[in-house]
Amino acid sequence: MMRHFFSCGRVVAAATALTFLAGCTTFSKDGGFNTVSTTASERLGKDAVLVKTDEDREAVAKRTQELLSKPLGMDDAVQIALLNNRGLQASYGELGISEADLVQAGRLPNPGFTFSRAHGNDSLSINRTFTLSLLNVLTMPLATRIESRRFEQTKLLTADAMLKVAADARRAYVNAVAAQQSAAYAEQVNDSAEAGAELALRMQQAGNFSKLDYAREQAFYADAVAQLAKTRQQSVAAREKLTRTMGLWGASTQYKLPDRLPDLPKDRPELKDLESFAMQNRLDIQAAKLQTQSVASSLGLSKATRFINALDVGYQNNFTTSDGHEQGYEIGVEIPIFDWGGSKVARAEAIYMQSVNRVAATAIDARSEVRESYSAYMTDYDIAKHYRDEVVPIRKTISDEMLLRYNGMLASVFELLADSRDQVGAVNSYIDALKEYWLAETDLQQAVGGRLPPLAMASSSSAPATQPASPTDSEGK
């Protein structure tokens with residue numbers, strides 16, 4: 001009996017030693033945020049900041065005002081969103097929650113203490129018992145490793161959420177600038193239609209214009225008024241979406257957007273092996289793999305403890321007036337009579353297979369997204385280039401020739417106005433094509449993990465700093 005007591009004592013001592021080794025887990029200095037900030041720097045060339053103190057808020061406000069002091073660029077919008085988007089700041093809280101779970105898994109479980117005092121028949125009984133969950137102590141190293149993987153997974157998912165906010169900011173910026181540009185050209189069309197309707201009214205009153213031609217000019221003007229109101233509202237909506245994405249309010253919402261979208265790049269880089277690049281680069285895939293590894297570890301833990309659902313070791317120190325002090329120990333174990341742990345293992349195996357299939361589904365979806373995004377990227381570039389190099393120059397040539405004919409009294413003022421409207425229509429089509437290109441590039445970047453392959457990025461950066469003049473420069477001349 002005494003040998004068994006000392007054997008149990010050695011087990012408790014060894015378990016306690018393991019606990020203190022595992023109990024070294026502490027909170028990190030960066031709280032896991034270094035993964036997010038490094039991802040933002042390497043993949044976006046931007047700063048990601050975790051705002052926790054008044055000093056942090058002041059620094060963010062100062063940086064934001066510096067970026068808003070000039071017409072807002074696409075990169076500026078992304079940086080402001082990374083600094084101010086409150087939804088993104090809220091997602092950073094997942095890092096603290098996950099790290100707290102990790103530290104908790106490495107902490108020594110609190111012992112239990114039971115005290116009882118009873119007397120009867122002139123006899124006093126005092127019982128004092130200390131208990132410690134030996135199972136939690138023995139499984140602590142494995143539990144810590146599982147939580148460590150979950151913490152790494154949370155880091156990746158949080159960084160991926162940051163990349164998604166950056167992509168949303170790019171899309172919102174492109175849509176806002178394009179909508180503002182379209183509204184400006186709709187206003188030009190409206191002015192042209194108004195001038196035509198006024199001239200038609202005077203000529204009709206003078207008897208030099210048929211009722212049919214007059215009605216056509218009035219109908220065009222009425223349509224232009226409605227179209228102007230629609231494009232203005234679309235511009236307001238797109239701008240407000242950009243404002244929400246950047247997390248701005250108050251006076252900061254009075255930022256100035258450029259008059260037009262960035263010009264189309266001179267060359268479109270040839271991108272190869274994008275699917276392989278995405279498999280290595282996408283953070284959601286890396287996080288899904290870690291999730292599967294964590295579930296696998298949990299499955300191993302379930303198998304090891306399927307028969308031992310509770311194992312407590314206790315030290316007893318009892319006293320009675322009749323027998324004096326009594327010392328010893330107790331071990332509590334559930335006897336697997338009704339529950340042999342089969343359902344516990346089956347559940348873990350089902351969760352594991354579920355995780356494996358989710359990883360496969362994520363990878364399949366990612367490959368498809370890459371192919372779809374790359375196809376749109378190529379097509380939209382070619383369309384925008386076609387408008388820039390073919391359609392708009394031809395429309396300008398026609399406009400110049402029409403002006404010459406009008407000056408030579410070979411064309412009427414209504415023909416000149418109609419041609420001007422057609423030219424603005426071509427320019428609007430180019431704006432839409434350019435918008436679709438920048439949106440397609442953003443979708444492609446997100447599909448491959450937040451950035452294009454290094455060779456493609458180098459090719460883009462090697463383009464001349466001065467891009468060809470936008471075809472919209474010809475408008476209104």
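Our subject is the structure listed above.
Now for a description of the structure that goes with this document. (Residues numbered from 1 in each chain as written. Predicted model: local features only at pLDDT ≥ 70, side-chain atom pairs only at ≥ 80, totals over all residues. Heavy atoms only, no water.)

What follows deals with the overall build of the chain. Within the chain one finds 14 helices and 4 strands. The contacts in the chain between residues at least 6 apart in sequence include a share of 80% that link residues at least 24 apart. Of the accessible surface of the chain, which amounts to about 26300 Å², a share of 55% is contributed by carbon and sulfur atoms. (Helix = DSSP H or I, 4+ residues; strand = E, 2+ residues; numbered from the N terminus. Contact = heavy atoms within 4.5 Å. Areas by Shrake-Rupley, 256 points an atom, 1.4 Å probe, with all protein chains shown as cover.)

Moving on, we get to the packing of aromatic side chains. Counted by the stated rule, this structure contains 5 aromatic pairs. Residues Phe 33 and Tyr 92 carry aromatic rings whose centres are separated by 4.9 Å and whose planes lie at 80° to one another, so their mutual orientation is edge-to-face. Of the two residues, Phe 33 is situated in the loop between helix H1 (2-22) and helix H2 (34-44) and Tyr 92 in the loop between helix H5 (86-91) and helix H6 (93-105); the sequence distance between them amounts to 59 residues. Looking at Tyr 92, the relative accessible area reads 3%, which means it is buried. Note on Tyr 381 and Tyr 437: the rings are 5.5 Å apart at their centroids and 65° apart in plane angle, and the pair reads as edge-to-face. Note that Tyr 381 is positioned in helix H12 (residues 342-407) and Tyr 437 in helix H13 (residues 413-447), a separation of 56 residues in sequence. Like Tyr 381, the residue Tyr 437 is buried in the burial classification. Within the aromatic cluster, the residues linked to one another by ring pairs are Tyr 374, Tyr 377, Tyr 381, Tyr 437 and Trp 438. (Phe/Tyr/Trp six-rings, centres within 6.5 Å; stacked < 30°, edge-to-face > 60°. Buried < 20%, exposed > 50% of the residue type's maximum accessible area, 1.4 Å probe, protein only.)

Negative phi values dominate among residues other than glycine, just as trans dominates among peptide bonds. A positive phi angle, close to 55°, is found at Asp 273, a residue other than glycine. Position of Asp 273 among the secondary structure elements: in the loop between helix H9 (211-246) and helix H10 (274-281).

Turning our attention to the environment of Lys 385. One can find Lys 385 in helix H12. The partly exposed category is assigned to Lys 385, whose relative accessible area is 32%. Along the backbone, Lys 385 and Tyr 437 are 52 residues apart, and their C-alpha atoms lie at a distance of 9.8 Å. The residues contacting Lys 385, other than those within four sequence positions of it, are Leu 264 and Glu 390.

The subject of this paragraph is the side chain of Thr 292. Tracing the backbone shows Thr 292 in helix H11 (residues 283-304). The exposure class assigned to Thr 292 is buried, which follows from its relative accessible area of 12%. With near-sequence residues (within four places) excluded, Thr 292 lies in contact with Tyr 352, Ser 355, Val 356 and Val 359.

A few words now on a nonpolar patch on the surface. Together, Phe 113, Phe 115 and Phe 130 make up an exposed nonpolar region whose accessible area comes to about 340 Å². Along the chain, Phe 115 turns up in strand S1 (residues 112-120). We classify Phe 115 as partly exposed; its relative accessible area is 47%. (Patch = residues over 30% accessible without salt bridge, like charges linked within 9 Å, V, L, I, M, F, W, Y side chains within 5 Å. Salt bridge = Lys/Arg side-chain N within 4 Å of Asp/Glu carboxyl O.)

Here we take up the nonpolar core. Formed by 53 residues in total, the largest nonpolar core has its most connected members in Leu 72 and Leu 242. Those elements that place two or more of their residues in this core are helix H3 (54-68), helix H4 (74-84), helix H8 (140-205), H9, H10, H12 and H13. If one sorts the elements of this core by residue count, H13 sits on top with 12 residues. Here Leu 72 is in contact with Leu 67, Ala 77, Ile 80, Tyr 173, Leu 242, Met 246, Tyr 255, Lys 256, Leu 257 and Pro 258, once residues within four sequence places are set aside. Phe 33, Val 78, Leu 82 and Ala 166 belong to the second-largest nonpolar core, a separate cluster that totals 20 residues. (Core = buried A, V, L, I, M, F, W, Y, C linked by side-chain atoms within 4.5 Å.)

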